[in-house]
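Each chain is listed here by its residues.
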Amino acid sequence: MNTVIPNLQLRQVMLSFAYLAYCGEKITTPNPEQTILGYIDTAMPLIPPIAAPNAIWSVVWGPAVYTVPGAMYQDNLMYVAQNQSDVSQFTIAIRGTNSVAELDWLLEDFDVLQQMNWPPGAAQPNPAGAMISESTSIDLQVLLAMQGATSGGSVSLLSFLKAQSTNPINVCLTGHSLGGCLAGTLALYLKENQASWDQSGKSNISCITFAGPTAGNAAFATHSDSLFKGGPYPPNWDNALGSTFDAVRCNYDVAPQAWIAANLSQGSGSSTISPLFQTYGSNLDFATGLGIGSGLAWNYIIENFLPPIAAFLIKPDYQQPVSGATQLQGTFNTAFAPASDGLTDYLKAFVQQAAWQHGNSYPNILGVPALLDSNIIRAI
């Protein structure tokens with residue numbers, strides 16, 4: 001029996017823009033923006049959800065790129081596209097982690113033990129207790145400082161939105177992985193600061209995020225949920241979601257679970273396996289599939305290695321916004337089944353499966369296979 005996927009049409013469109021943000025991520029030459037723009041412009045007609053006759057989309061701001069001084073690879077990218085069939089519709093797409101940039105992983109994915117006040121730069125958190133990871137706070141400030149090319153010159157994102165909003169506009173933010181985390185965070189910032197950029201006072205901010213890791217703690221997630229709850233909904237939105245924050249996560253994707261302490265602690269009852277490592281159930285069963293020696297080694301890990309990591313994450317209290325969102329149902333990729341009952345093979349299979357699910361499952365489930373074609377989403 002086929003499961004009906006909510007908000008499918010818009011998810012397909014926004015996933016397309018989210019993956020287009022990965023274009024050119026391996027370029028190492030200075031000032032790659034024009035090359036990346038060429039890749040995006042060439043790719044859009046080849047991706048059905050955003051190709052004519054469905055709609056005619058054009059990049060109208062950016063892409064803007066940020067590279068840490070001295071680094072080889074780009075760290076952040078953002079662009080804005082406008083629907084030329086309905087010029088009130090804009091999407092802001094934010095790139096996820098650059099897969100080949102080790103520094104990007106360290107600075108933007110793993111810098112989570114230190115937290116900063118929400119909103120960034122505030123002396124006290126507002127609302128009380130709302131905190132985000134240091135990496136998310138820094139990334140948000142990088143995005144807000146970016147200067148993107150437009151037909152009239154380079155301007156900041158907020159200046160661009162202000163110029164477009166003499167009449168109400170619909171702005172949907174999107175991104176995959178780290179880009180999803182930042183898209184939800186930037187969308188919240190735009191909602192809270194709408195008076196600074198929305199001339200009409202009636203523009204609509206929404207977001208559709210994919211595979212996003214946690215941005216902040218429980219107080220931050222609760223605050224975010226409260227601002228996106230209910231309408232007004234943008235055009236073609238599935239109102240049954242009850243929120244204008246559509247957090248899309250696959251049940252086989254471990255990345256959105258990673259910084260939540262409870263997912264690393266031991267399971268309840270007779271289970272001795274961390275919930276994170278139960279993600280693939282009987283397909284990759286650490287409880288019963290390991291050989292005797294490997295099983296003993298694994299028991300040592302879950303009793304002596306995982307609990308201290310979970311303990312570090314208890315205080316930050318990372319939680320997902322829209323935590324109860326219905327997940328996409330993934331399919332286990334048997335190409336990454338363990339080669340033996342050894343612990344090394346199980347861990348290798350887990351990492352390979354996790355990487356595949358994080359990157360490949362969303363285009364497969366949502367029916368946009370063109371996004372997995374390296375001739376369309378060109379990295380270099």
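The structure displayed is predicted, hence computed values, not measured ones.

*Asks:* I would appreciate a short explanation of the overall build of the chain in the present structure.
*Replies:* Summing up its helical and strand segments, the chain has 10 helices and 12 strands in all. The C-alpha radius of gyration of the chain comes to 21 Å, within 12% of the 21 Å expected for a compact globule of 380 residues. Along the three orthogonal principal directions, the C-alpha set of the chain runs to about 65 × 50 × 50 Å. The burial tally for the chain puts 53% of its 380 residues in the buried class. A sequence separation of at least 24 residues applies to 71% of the contacts in the chain between residues at least 6 apart. Counting only carbon and sulfur atoms, one obtains 55% of the accessible surface of the chain, whose full area is about 16,500 Å².

*Asks:* Even after reading the chapter, I still don't get the sheet that holds strand β9 (residues 204-210), so can you show me in this structure?
*Replies:* The strands that make up a sheet pair up through hydrogen bonds in the backbone, lying either parallel or antiparallel. One open sheet holds the 6 strands; their spatial order is β1-β2-β3-β8-β9-β11, and the pairing between them is mixed. At either end of the open sheet lies a strand with only one pairing partner, and these are β1 (57-66) and β11 (245-248). Going from strand to strand, the sheet's axes swing by 15° on average, the running direction of each strand aside. Bridging between strand β2 (residues 76-83) and strand β3 (residues 89-94) involves 5 bridges; their strand directions are antiparallel. Considered in β3, the bridge of alanine 81 is made with threonine 91.

*Asks:* Mind showing me how you'd approach the nonpolar core here?
*Replies:* Note on soluble globular proteins: their nonpolar side chains tend to be buried together. Counting residues in hydrophobic clusters, the biggest one holds 68 residues, and the most contacted among them are Phe17, Leu20, Ile47, Tyr79, Phe210, Phe286 and Tyr362. Among the secondary structure elements, those contributing two or more residues to this core are α1 (8-20), α2 (33-43), β1, β2, β9, α8 (292-304), α9 (306-314) and α10 (343-366). Looking at which element gives the most residues to this core, the answer is α1, with 8 residues. Contacts of phenylalanine 17, omitting those with residues within four sequence positions, involve Met44, Ile50, Trp57, Tyr79, Ala81, Thr91, Ala93 and Thr174. Core analysis: the second largest hydrophobic core is formed by 40 residues, Leu140, Cys207, Phe220 and Phe245 among them.

*Asks:* Just checking my understanding: could you explain the side chain of threonine 209 for this structure?
*Replies:* Turning to its location among the elements, threonine 209 is positioned in strand β9. Using a relative accessible area of 5% as the deciding quantity, one classes threonine 209 as buried. Contacts of threonine 209, omitting those with residues within four sequence positions, involve Gly175, Gly180, Ala183, Gly184, Phe245, Asp246, Ala247 and Val248.

*Asks:* What exactly am I supposed to notice about the packing of helix α4 (residues 134-145) against helix α6 (residues 178-192) here?
*Replies:* Each pair of packed helices gets described by two things: the angle between the helix axes and the distance between those axes. Where α4 contacts α6, the two axes come as close as 10 Å, and the packing angle between them is 70°. As the angle between them shows, α4 and α6 are arranged roughly perpendicular. Considering the relative orientation of α4 and α6, their crossing is right-handed. Along the contact surface, α4 presents Thr136, Asp139, Leu140, Leu143 and Leu144, while α6 presents Leu178, Cys181, Leu182, Thr185, Leu186 and Tyr189.

*Asks:* Got a minute to help me understand the environment of asparagine 193 in this structure?
*Replies:* As for its placement among the helices and strands, asparagine 193 is situated in the loop between α6 and β9. Along the chain, asparagine 193 and asparagine 117 lie 76 residues apart, while their C-alpha atoms are 16 Å from each other.

*Asks:* In this structure, what is going on with the side chain of threonine 279? I would like to understand it.
*Replies:* Mapping threonine 279 onto the fold places it in the loop between β11 and α8. In terms of polar contacts, threonine 279 uses its side chain to reach the backbone carbonyl oxygen of leucine 276, at 2.6 Å. With residues up to four places along the chain from it excluded, the contact list for threonine 279 reads Asn251, Tyr252, Val254 and Gln257.

*Asks:* Please explain the pairing of β2 as it appears in this structure.
*Replies:* Within a regular strand, the side chains alternate between the two sheet faces. Among the 8 residues of β2, 8 are classified as buried, and the element is accordingly described as predominantly covered. As defined by bridge partners, β1 adjoins β2 across 7 bridges and the pair is classed as antiparallel. Bridge pairing in β2 places serine 58 opposite glutamine 82. Taking the residues that link successive antiparallel strands as the turn, the β2-β3 hairpin has 5 residues.

*Asks:* Help me out: how do you make sense of the confidence of the model for the chain in this one?
*Replies:* Fine structural detail should not be taken from predicted coordinates in areas where pLDDT scores are low. The predicted model of the chain averages 93 in pLDDT, with 95% of residues at 70 or higher. Low pLDDT, under 50, characterises residues 267-271; the stretch is placed with 3 contacts to residues that sit more than four places away or in other chains.

*Asks:* I'm lost on the packing of aromatic side chains in this one. Help?
*Replies:* The relative placement of two aromatic rings is captured by the distance of their centres and the angle of their planes. Per the stated rule, a full pass over the model turns up 14 aromatic pairs. Taken together, a centroid distance of 5.4 Å and an interplanar angle of 75° make the contact between phenylalanine 277 and phenylalanine 286 edge-to-face. Take phenylalanine 277 and phenylalanine 286: they sit in the same class, and that class is buried. With a centroid separation of 5.0 Å and an interplanar angle of 70°, the aromatic rings of phenylalanine 277 and tryptophan 298 are classed as edge-to-face. Residue phenylalanine 277 is located in the loop between β11 and α8, and its partner tryptophan 298 is located in helix α8; the two are separated by 21 residues in the primary sequence. Residue classification places tryptophan 298 among the buried positions, given a relative accessible area of 2%. Ring pairing ties together the aromatic residues Tyr252, Phe277, Tyr280, Phe286, Trp298, Phe332, Tyr346 and Phe350, which thus form one cluster.

Reading guide: rules and limits
- Residues numbered from 1 in each chain as written.
- Predicted model: local features only at pLDDT ≥ 70, side-chain atom pairs only at ≥ 80, totals over all residues.
- Heavy atoms only, no water.
- Helix = DSSP H or I, 4+ residues; strand = E, 2+ residues; numbered from the N terminus.
- Rg over C-alpha atoms; globule rule 2.2 N^0.38 Å.
- Buried < 20%, exposed > 50% of the residue type's maximum accessible area, 1.4 Å probe, protein only.
- Contact = heavy atoms within 4.5 Å.
- Areas by Shrake-Rupley, 256 points an atom, 1.4 Å probe, with all protein chains shown as cover.
- Pairing = 2+ DSSP bridges.
- Axes fitted to C-alpha atoms, helices over the stretch in contact; angles between N-to-C directions.
- Core = buried A, V, L, I, M, F, W, Y, C linked by side-chain atoms within 4.5 Å.
- Parallel < 35°, antiparallel > 145°, perpendicular 65-115°, else oblique.
- Left-handed = near helix turned anticlockwise from the far one by under 90°.
- Polar contact = N/O pair within 3.5 Å; in protein donor to acceptor, adjacent residues only side chain to side chain.
- pLDDT = per-residue confidence, 0-100.
- Phe/Tyr/Trp six-rings, centres within 6.5 Å; stacked < 30°, edge-to-face > 60°.

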